[in-house]
Amino acid sequence: MAAPRADVIVLGAGPTGLVLASELALAGVRCLVLERRDGLRPDSRAACLHARSMEMLDLRGQASVFAAAGLPVPSFPLGPRGAVIGFGRLDSDFPYLLDMPQSQIERLLAARAAELGAEFRWSSEAVGLEQDDDEVRVTLADGRIERASYVVGCDGVRSFARRSLNMPFPGAPNPGSVILADLHLDGLPMTDAYGDLSENGMLLVFPFRDGSCRLVLYDYARADLPVTEPVIIDEVRSSLARIAGPDFSPRDMYWSRRYRSESRQVPAYRAGRILLAGDAAHTHSPAGAQGMNTGLQDALNLGWKLGAAVSGWAPGWLLDSYHDERHPVGAAVLALTGRQFKLNTARTRWQRARRWVAHRGIAPLPPVQAWLAGTYSGIAIR
């Protein structure tokens, strides 16, 4: 016998799915979140909330909660030592980058969604998805069937929802693997983000409130290792020395992974009663800390529209406007992060010369700084 019907089923309890669940619950929509994991994520992937995301949280009275938990830093490193994007010029109540681990962000988002009435089902893996004119049916690994008016795939790069739709995901892998590590660096002050580039690779550092930090390393000598290869502290130490030179004294690494990014985007964010958001719809290099923020803003755009559709007062074109408004933003983010990744990982002498001109000669100019701050923070999106 089929389970009672929800209004909307959200596949995936990552940041995008959690914000969408809150938005739907706030609109009085019966929302069911299905997640194949057995609980909230213990590890960390993304680590930064940009100003537009903080404004989004502020609309729901939650910005102060996140600001108290994270560490506001005034700038974003472009890579070369001292070359940064300054956020102090932003026309925003949040002229900074808020650094905090994704695991902490998810805990706060999940608590808010549950408080508003969203229902969570952990250890619930979707293995079947079909729709007709009236509903969507989700078959779970244990044989249960959940029914809803709409389903939103917020289930990441390897999205089951997207694959069930046979939706193409055009694009390509980005070259090489990047090391992500959360640890302590005694050789750097944990007051602002930091970056450096050399002929041997790139490093970025994002400090956390507890004195630890997120380290991003692209070491040319190690970039061809498979992502399954464990990251150990000795590798981090040697890569730091090879890329930057100074001894940053890394210690107490409590999380790490090797990550190979891809740059892809689906051609359509909606197929009938099934919609896609976050990494299920678009993925790109970690340059610029754009991924999680773009997904959060997808969720805010979609949430009230789905609420209106479920309530019966939405005009026919409203749900289609989600794709019309967010697909161009996703495409722009792919272009931005792609350019930044290529610039930061340039290896030939000519490419490095272009990078030097861009970062040292052009980026510091006030009009360019204003454009960079608005673009990377999301404030320029209309």
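Residues numbered from 1 in each chain as written. Predicted model: local features only at pLDDT ≥ 70, side-chain atom pairs only at ≥ 80, totals over all residues. Heavy atoms only, no water.

*Asks:* Would you take a moment to explain the pairing of strand β10 (residues 136-140) for this structure?
*Replies:* A regular strand places its side chains on the two faces of the sheet in alternate fashion. With four of five residues buried, β10 is to be regarded as a mostly interior element. The sheet contact formed by strand β9 (residues 126-131) and β10 spans five bridges and is antiparallel. Along β10, the bridge assignment pairs Gly-128 with Thr-139. Here β9 folds back onto β10 in antiparallel fashion, the turn holding four residues. Strand direction decides the pairing type here: β10 and strand β11 (residues 145-153), joined by four bridges, are antiparallel. From the neighbouring strand, Thr-139 faces β11, where its bridge partner is Ile-145. Where β10 folds back on β11, the antiparallel hairpin that results is connected by four residues, among which Gly-143 adopts a positive phi of roughly 95 degrees. (Buried < 20%, exposed > 50% of the residue type's maximum accessible area, 1.4 Å probe, protein only. Helix = DSSP H or I, 4+ residues; strand = E, 2+ residues; numbered from the N terminus. Pairing = 2+ DSSP bridges.)

*Asks:* Got a minute to help me understand helix α4 (residues 102-116) in this structure?
*Replies:* Residue pairs three or four apart in sequence face the same way in an α-helix, which turns once every 3.6 residues. Between its first and last C-alpha atoms α4 spans 21 Å; for 15 residues at 1.5 Å apiece the expected length is 21 Å, and the two agree. Residues of α4 that are buried include every one of Gln-102, Ser-103, Ile-105, Glu-106, Leu-109, Ala-110, Arg-112 and Ala-113, and no others. On its buried side, α4 packs onto α1 (15-26), β3 (48-49), α2 (51-59), α3 (63-69), β8 (119-121) and α7 (291-311). Positive backbone phi, approximately 115 degrees, marks Gly-117, located one or two places after α4. (Expected span 1.5 Å × (residues − 1). Contact = heavy atoms within 4.5 Å.)

*Asks:* How should the sheet that holds strand β7 (residues 97-99) be read in this particular structure?
*Replies:* The strands making up a sheet associate through backbone hydrogen bonding, with each pair oriented either parallel or antiparallel. Taking strand neighbours across the sheet as the criterion, the three strands line up as β3-β7-β4 in an open arrangement whose pairing is antiparallel. Each end of this open sheet is capped by a strand with a single partner; those strands are β3 and β4 (71-73). Bridging between β4 and β7 involves three bridges; their strand directions are antiparallel. Looking at β7, one finds that Leu-71 is bridged to Asp-99.

*Asks:* Whenever I open this one, the pattern of salt bridges confuses me. Can you help?
*Replies:* Pairs may arise between side chains of opposite charge once their charged atoms sit close together. Within this structure, the stated rule accounts for 24 salt bridges. Between Glu-23 and Arg-60 there is a salt bridge, with the nearest N and O atoms lying 2.8 Å from each other. Of this pair, Glu-23 sits in helix α1 while Arg-60 sits in the loop between α2 and α3; the two residues are 37 residues apart in sequence, bridging distant segments of the chain. As a salt-bridge pair, Glu-135 and Arg-137 come within 2.9 Å of each other at their nearest N and O atoms. (Salt bridge = Lys/Arg side-chain N within 4 Å of Asp/Glu carboxyl O.)

*Asks:* Mind showing me how you'd approach the nonpolar core here?
*Replies:* A general tendency of soluble globular proteins is for nonpolar side chains to be buried together. If you look at the biggest cluster of nonpolar residues, it comprises 99 residues, and the most contacted ones within it are Ile-9, Leu-49, Met-54, Phe-66, Val-138, Val-152 and Leu-306. Residue contacts for Phe-66: discarding those within four places in its chain leaves Leu-49, Met-54, Leu-57, Leu-98, Met-100, Ile-105, Leu-108 and Leu-109. Residues Leu-188, Tyr-194, Leu-215 and Ala-244 belong to the second largest nonpolar core, which totals 18 residues. (Core = buried A, V, L, I, M, F, W, Y, C linked by side-chain atoms within 4.5 Å.)

*Asks:* Whenever I open this one, the side chain of Thr-337 confuses me. Can you help?
*Replies:* Turning to its location among the elements, Thr-337 is positioned in helix α8 (residues 318-344). Of the polar contacts made by the side chain of Thr-337, one reaches the backbone oxygen of Leu-334; its length is 3.3 Å. Once residues lying within four places of it in the same chain are set aside, the contact partners of Thr-337 are His-284, Ser-285, Ala-287 and Gln-290. (Polar contact = N/O pair within 3.5 Å; in protein donor to acceptor, adjacent residues only side chain to side chain.)

*Asks:* How should the state of the cysteines be read in this particular structure?
*Replies:* Between two cysteines, a covalent bond joining their sulfur atoms is known as a disulfide. Summed over all chains, the structure comprises zero disulfides. Counting only cysteine sulfurs, Cys-31 is the nearest neighbor of Cys-154, a cysteine outside any disulfide, at a range of 9.1 Å. The closest cysteine sulfur to the non-disulfide-bonded Cys-213 is located on Cys-48, 11 Å from its own sulfur. (Disulfide = S-S within 2.5 Å.)

*Asks:* In this structure, what is going on with the packing of aromatic side chains? I would like to understand it.
*Replies:* Here the distance between the centres and the angle between the planes together describe a pair of aromatic rings. Evaluated as defined, the whole model comprises seven aromatic pairs. Their ring planes at 40 degrees and their centres at 5.4 Å tell us that Phe-76 and Phe-206 sit as a pair that is tilted. Remark: Phe-206 occurs in strand β15 (residues 201-207) and Phe-76 occurs in strand β5 (residues 75-77); sequence separation between them is 130 residues. Per residue, the accessibility class of Phe-76 equals that of Phe-206, and both read buried. Considering the side-chain rings of Phe-94 and Tyr-96, the 6.3 Å spacing of their centres and the 90 degrees angle between planes classify their relative orientation as edge-to-face. With relative accessibility at 16%, the residue Tyr-96 sits in the buried group. Its guanidinium or amino end placed over the ring of Tyr-150, Arg-273 lies 5.1 Å from that ring's centre, counting from NZ or CZ. (Phe/Tyr/Trp six-rings, centres within 6.5 Å; stacked < 30°, edge-to-face > 60°. Lys NZ or Arg CZ within 6 Å of the ring centre and 35° of its normal.)

*Asks:* Can you walk me through the pairing of strand β2 (residues 31-34) in this structure?
*Replies:* Neither face of β2 is exposed, since Cys-31 and Val-33 on one face and Leu-32 and Leu-34 on the opposite face are all buried. Both β2 and β8 contribute to a ladder of three bridges, which runs parallel. Note that in β8 the partner of Val-33 across the bridge is Phe-120.

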